[in-house]
Amino acid sequence: MTKEFALTVDRIKCDGRGLCAELLPEMIRLDEWGYPIIAAGPIPQHLIPLAQRAVEDCPVLALALRRTERSKGG
Amino acid sequence: MNSLLAGPPLTGPESLASHAGRLGPMPAVGPRFIDTLVQSRIAGRGGAGFPAGTKWQAVATHSRGDAVVLVNGAEGEPQSKKDRLLMSTRPHLVLDGAFIAARVLRARRVILYIGERHRAARAAMLQALAERNETERRLVSEHAAPARYVAGAESAAIHFISEGVATPTTMPPYPFERGVDGKPTLVQNVETLAQVALIARYGEPSGTSLVTIAGGVPRPGVLEVESTTTIADAVSLAGGASDQARAVLVGGYFGRWMEARDAWPLRLDQGSLRSHGLALGCGVIGVLPAGRCPVCETAGIMRYLAGESSAQCGPCFFGLRALADACTRIAEHGTNRDDLQRLDRWTEDVRGRGACRHPDGAVIFLQSALQTFGREFAGHRPHSAAEAA
């Protein structure tokens with residue numbers, strides 16, 4: 001089993017401040033109204049610290065890291 | 001006969017005496033009824049089509065004798081009339097289902113959640129409730145559901161009853177974990193509950209569904225159809241002439257447009273429609289007559305759906321508005337490549353990005369319009385005053 005992380009957005013809390021897309025453009029882009037679109041799939045290991053930073057810095061606490069366990073080679 | 005609308009004429013609520021005389025008393029089923037429900041494979045008839053048995057299992061697992069049964073008769077879909085008809089004419093069938101759920105799931109409360117504008121339905125349900133015994137009556141409270149499209153969504157119904165605000169909430173927590181006042185809650189559509197009343201008696205559902213035939217037919221309204229009934233059959237029962245239709249909207253505003261000729265042979269059965277990538281949803285079959293402009297029709301429905309966003313999630317509030325505006329620009333001023341491209345891009349961007357499924361339903365509807373009416377969208381010109389008259 002390897003531990004994987006994914007980003008989730010609480011769509012009701014999210015205000016479209018856009019900080020997350022600045023901190024983690026590799027995973028997050030903004031739509032035409034300024035709301036985040038998260039790339040599908042787990043976060044690559046090397047981006048996890050940046051993802052954590054994005055979660056901590058979200059001004060309305062709408063972004064979260066969720067751990068998903070997945071068996072290798074499934 | 002094992003059907004939802006069997007019995008006396010559909011002119012008013014059936015009395016308890018007539019109901020019990022026809023079907024016998026409400027059977028005393030226990031926890032094992034959930035297995036029967038799972039085996040029946042019945043799907044919810046509120047719109048999402050979620051398997052009822054799975055829902056009951058989840059609530060039963062979480063219930064500590066404190067569960068809540070929320071009887072969903074909000075029927076916010078503008079064209080749908082079937083839940084209203086059922087509550088107005090066969091209220092005891094719905095109440096039986098609700099009380100069976102309360103017993104099996106060890107619920108302490110049963111909440112009737114009926115659309116505020118559905119006056120006959122509310123009156124019939126309350127009249128029927130007054131005929132029930134005191135033990136049953138004491139479980140029940142009644143709430144008028146606001147006349148908004150999203151008010152019937154599970155989390156919106158719970159939010160309204162707990163806090164007076166009929167807007168969806170972020171899930172999880174799911175209703176079966178934390179619903180009304182934090183208690184495990186079963187939110188079930190009234191037609192599904194009526195099926196429960198039949199399953200408890202006969203061991204299987206009626207095999208029929210209630211559908212509403214709307215739009216370009218001489219006699220629009222509710223029909224109870226067998227799973228073998230095709231859309232063509234249903235439309236002809238509503239007095240319709242199949243050759244004069246341009247397209248059919250299968251499943252209401254969260255459904256999909258189909259070319260009429262492709263729609264006619266489809267059976268009005270959840271499983272059969274699923275195999276065609278469709279859903280029965282709330283059961284609205286909308287017939288678009290050949291004389292009506294599909295682009296203008298689609299733009300009108302998109303404006304409605306944008307206006308019905310609960311304005312909580314940015315992608316839904318701004319995205320649906322932008323999509324409705326683009327459709328309206330095409331409808332009113334003629335087609336243009338920029339707006340067509342925006343429609344393609346934004347439908348992809350908006351999907352899956354709301355707390356509830358409102359934006360998803362709206363973009364699935366719009367994508368099916370763009371597919372089915374691709375020619376009309378690409379070549380649309382504004383209707384002149386003379387044409388419109």
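This structure is a prediction, so every number in the text was calculated from the model and none was measured.

What counts, and where the lines are drawn
Think of each chain on its own: its residues are numbered from 1, step by step along the sequence as written. To read the labels, note that chains go from A and ligands from 1, taken in the order they are written. This being a predicted model, a pLDDT of at least 70 is required before a residue's local features are given, and a value of 80 or more before pairs of side-chain atoms are given or counted; all residues contribute to the totals for chains, interfaces and linings. All the domain ranges listed were derived from an automatic or database domain assignment. By the convention adopted here, residues make contact when the C-beta atoms placed from their backbones lie within 7 Å. The numbering of helices and of strands both runs from the N terminus, where a helix is a DSSP run of H or I of at least 4 residues and a strand a run of E of at least 2. The axes are straight lines fitted to the C-alpha atoms, using for helices just the contacting stretch, and the angles between their N-to-C directions are given from 0 to 180°. Note on terminology: angles under 35 degrees are roughly parallel, angles over 145 are roughly antiparallel, angles of 65 to 115 are roughly perpendicular, and the others are oblique. In this count, Pro and Cys sit with the nonpolar residues alongside Ala, Val, Leu, Ile, Met, Phe, Trp and Tyr, while Asp, Glu, Lys and Arg are called charged and the others, Gly among them, polar. At least two bridges found by DSSP between two strands is the condition for calling them paired.

K.L.:
Could you give me a rundown of the domain arrangement of chain B, with the residues and numbers involved?
P.N.:
All names here are of chain B. By the assigned domains, chain B splits into domain 1 (16–202), domain 2 (208–289) and domain 3 (294–388). The straight-line distance from the C-alpha centre of domain 2 to that of domain 3 is 22 Å. With 10 residues of domain 2 at the contact, the number on the domain 3 side is 10 residues. No other element matches strand S8 (residues 256–259), which puts four residues into the side of domain 2 that touches domain 3.

K.L.:
Could you give me a rundown of the environment of Trp 33 of chain A, with the residues and numbers involved?
P.N.:
Looking at the element boundaries, Trp 33 of chain A is found in the loop between strand S2 (28–30) and strand S3 (36–38). In contact with Trp 33 of chain A, not counting residues within four places along its chain, are Gly 16 of chain A together with Gly 314, Phe 318 and Gly 319 of chain B.

K.L.:
Account for the packing of helix H5 (residues 91–104) of chain B against helix H9 (residues 190–202) of chain B, with residues named and values stated.
P.N.:
When two helices pack together, their arrangement is given by the angle between their axes and by how far apart the axes lie. Residues and elements named next belong to chain B. Viewed as axis vectors pointing N to C, H5 and H9 meet at an angle of 75 degrees, and their least axial separation amounts to 7 Å. Comparing the axis directions of H5 and H9 gives the class roughly perpendicular. Contacts between H5 and H9 involve Leu 93, Val 94, Asp 96, Gly 97, Ala 98, Ile 100 and Ala 101 from the former and Val 190, Leu 193, Ala 194, Val 196, Ala 197 and Ala 200 from the latter. Residue classes in the contact of H5 with H9 are distributed as 11 nonpolar, one polar and one charged.

K.L.:
Provide a residue-level description of the sheet that holds strand S1 (residues 67–73) of chain B, including the pertinent values.
P.N.:
Residues and elements named next belong to chain B. Taken together, four strands build an open sheet; the order of strands is S3-S2-S1-S4 and the sheet is parallel. Both edges of this open sheet fall to strand S3 (140–145) and strand S4 (185–189), since each of them pairs with a single strand only. Across this sheet, the average inter-strand angle for adjacent strands is 20 degrees, counted without regard to direction. In the sheet, strand S2 (residues 107–115) pairs with S3 via six bridges, with the strands oriented parallel. Bridge assignment links Tyr 113 to a residue of S3, and that residue is His 143.

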